[in-house]
Amino acid sequence: MSSSRQSIPTLEHLRTGGKRTMAQALAATEARRGAPELVALLDEATRAAKAHVLGLTGPPGVGKSTLTNALVRRARAEGETIAVLAVDPSSRRTGGALLGDRARIQTDPEDRGVFVRSMAARDRLGGLSDDAVAAIVLLRAVYDRVIVETVGVGQSEADIDLVADTVVLCIQPASGDSLQFMKAGVMELPDIIVVTKSDMADVARRAAADVSGALSLAGGGGAWRVPVIRLSAANGEGLDDFATAVAHHRAHLAEGDRAETRRAAQELRWVEEAVRIRFGTEGLKRARGITLPAGGPFAREAALAARLTHS
Ligand code: GDP
């Protein structure tokens, strides 16, 4: 049961306190939304972001958890700490508490360098909740790497774009997914496309060809060419290519002010989404007319919520 008096750690405490402190902080983000100490912690953590956030999205069964497991092992072998947030549309909240580690992601409970949590999605479609955004902000200020897994169903894939530095769309061989995605306009979303289960050789090759075709139809045209990587998380094939593609995308973001621009746009959308979820599109319209003092996204959200509640 969540108490309304959940204590809120400082950022320093969060960095040194291990998984237990992180778990408490995540519970507090749910139970004490809007509390001034929490707003301050979240804005401080926003400024102190250190991890690269990899967003993995795709339909159920495509192999996201298996890939996540492989990426966790790889990060630990490289001496990097890593956190995983799995956003699960089928999960149910129990008394506002976060669900425990998802069984499908196997980690050593003794390893302080790995943190895994599942969270319920905002809706049946797998959208990200405010709590998931807050959790990612805390995780990326503490761990070296963060993976966010969301189940893409229709347009809800787009939510991953709210938090990820690099969006990876996972597609299953020979599933017709690429055609679906093209129709839904989702092809514009990913920075990297992964065709999973390449050990099922023929189908994977065909799916990769389909996807490349769909991408050239979609035109692309930006400064970043979306790579299509075939991999097998089961036997490790293609994982090096995937790591290289992610490194290239990070390097791309590091040029000029791309990374800052992307994160600033995300922060604006966090505030908008939070207001829209709580006060509806009407509230969002009213919010546009409100001038706010400068501050981080969580302070802005709290100030808007206070104004909209009292007007
Ligand atoms: P998720 O729902 O997207 O997280 O998918 P999972 O990672 O749970 O994988 C779904 C199923 O596909 C499981 O039975 C996995 O064992 C299988 N799978 C995942 N990756 C691979 C792979 O690289 N090769 C093969 N042959 N099967 C895989």
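Our structure is the block above this text.
Residues numbered from 1 in each chain as written. Predicted model: local features only at pLDDT ≥ 70, side-chain atom pairs only at ≥ 80, totals over all residues. Heavy atoms only, no water.

Chemist: Would you mind showing me how to read unusual backbone geometry here?
Modeler: Among all residues except glycine, the phi angle is most often negative; among peptide bonds, the trans geometry is most common. Of note in the backbone geometry, Lys197 takes a positive phi value of approximately 55° without being a glycine. The residue Lys197 is located in the loop between β6 (192–195) and α7 (201–218) in this model. According to the relative accessible area criterion, Lys197 is partly exposed, its value standing at 25%. (Helix = DSSP H or I, 4+ residues; strand = E, 2+ residues; numbered from the N terminus. Buried < 20%, exposed > 50% of the residue type's maximum accessible area, 1.4 Å probe, protein only.)

Chemist: Quick question: what am I supposed to make of the pairing of strand β2 (residues 82–88) here?
Modeler: Successive side chains on a regular strand alternate, one facing one side of the sheet and the next facing the other. With respect to burial, β2 is a largely interior element, 7 of its 7 residues being buried. Where burial is concerned, the two faces of β2 agree: the one with Ile82, Val84, Ala86 and Asp88 and the one with Ala83, Leu85 and Val87 are both buried. Where β2 meets strand β3 (residues 114–120), 7 bridges bridge the pair, whose relative direction is parallel. Its bridge partner lying in β3, Leu85 is registered against Arg117. The pairing of β2 with strand β4 (residues 145–151) spans 6 bridges and is parallel. The residue bridging Leu85 from the neighbouring strand is Val148, located in β4. (Pairing = 2+ DSSP bridges.)

Chemist: Sorry if this is basic, but what is going on with the environment of Ile82 here?
Modeler: Relative to the helices and strands, Ile82 is located in strand β2. A relative accessible area of 1% places Ile82 in the buried class. In this structure, the C-alpha to C-alpha distance between Ile82 and Val116, residues 34 residues apart in sequence, is 8.6 Å. With sequence-adjacent residues up to four places away left out, Ile82 is seen in contact with Leu71, Val72, Ala75, Arg76, Gly113, Val114, Phe115, Tyr143, Arg145 and Ile147. (Contact = heavy atoms within 4.5 Å.)

Chemist: Help me understand the nonpolar core in this model?
Modeler: Nonpolar side chains tend toward joint burial in soluble globular proteins. Met22, Leu85, Leu138 and Leu139 are the most contacted members of the largest nonpolar core, which totals 43 residues. The set of elements that each furnish at least two residues to this core consists of α1 (11–16), α2 (18–31), α3 (36–47), β2, β3, α5 (130–142) and β4. The biggest single contributor to this core is α5, with 10 residues. Setting aside residues no more than four positions away along its own chain, Leu85 makes contact with Arg117, Met119, Ala132, Ala135, Ile136, Leu139, Ile147, Val148 and Glu149. Core analysis: the next-biggest nonpolar cluster, separate from the first, contains 25 residues, Val116, Ile192, Ala233 and Leu239 among them. (Core = buried A, V, L, I, M, F, W, Y, C linked by side-chain atoms within 4.5 Å.)

Chemist: Just to check I follow, could you spell out the sheet that holds strand β7 (residues 228–230) for this structure?
Modeler: Working definition: the strands of a sheet are paired by backbone hydrogen bonds and lie parallel or antiparallel to each other. Ordered in space as β3-β2-β4-β1-β5-β6-β7, the 7 strands form an open sheet in which the pairing is parallel. Each edge of the sheet is formed by a strand with only one pairing partner; in this case those strands are β3 and β7. Recorded for the sheet is a direction-independent mean angle of 20° between the axes of neighbouring strands. (Axes fitted to C-alpha atoms, helices over the stretch in contact; angles between N-to-C directions.)

Chemist: Before we go on, may I ask you to explain the environment of Ala141 in this structure?
Modeler: Note that Ala141 resides in helix α5. Sequence separation of Ala141 and Ala49 is 92 residues, and the distance between their C-alpha atoms is 4.4 Å. Those residues within four positions of Ala141 in sequence are excluded, and the remaining contacts are Leu11, Arg15, Ala45, Ala48, Ala49 and Lys50.

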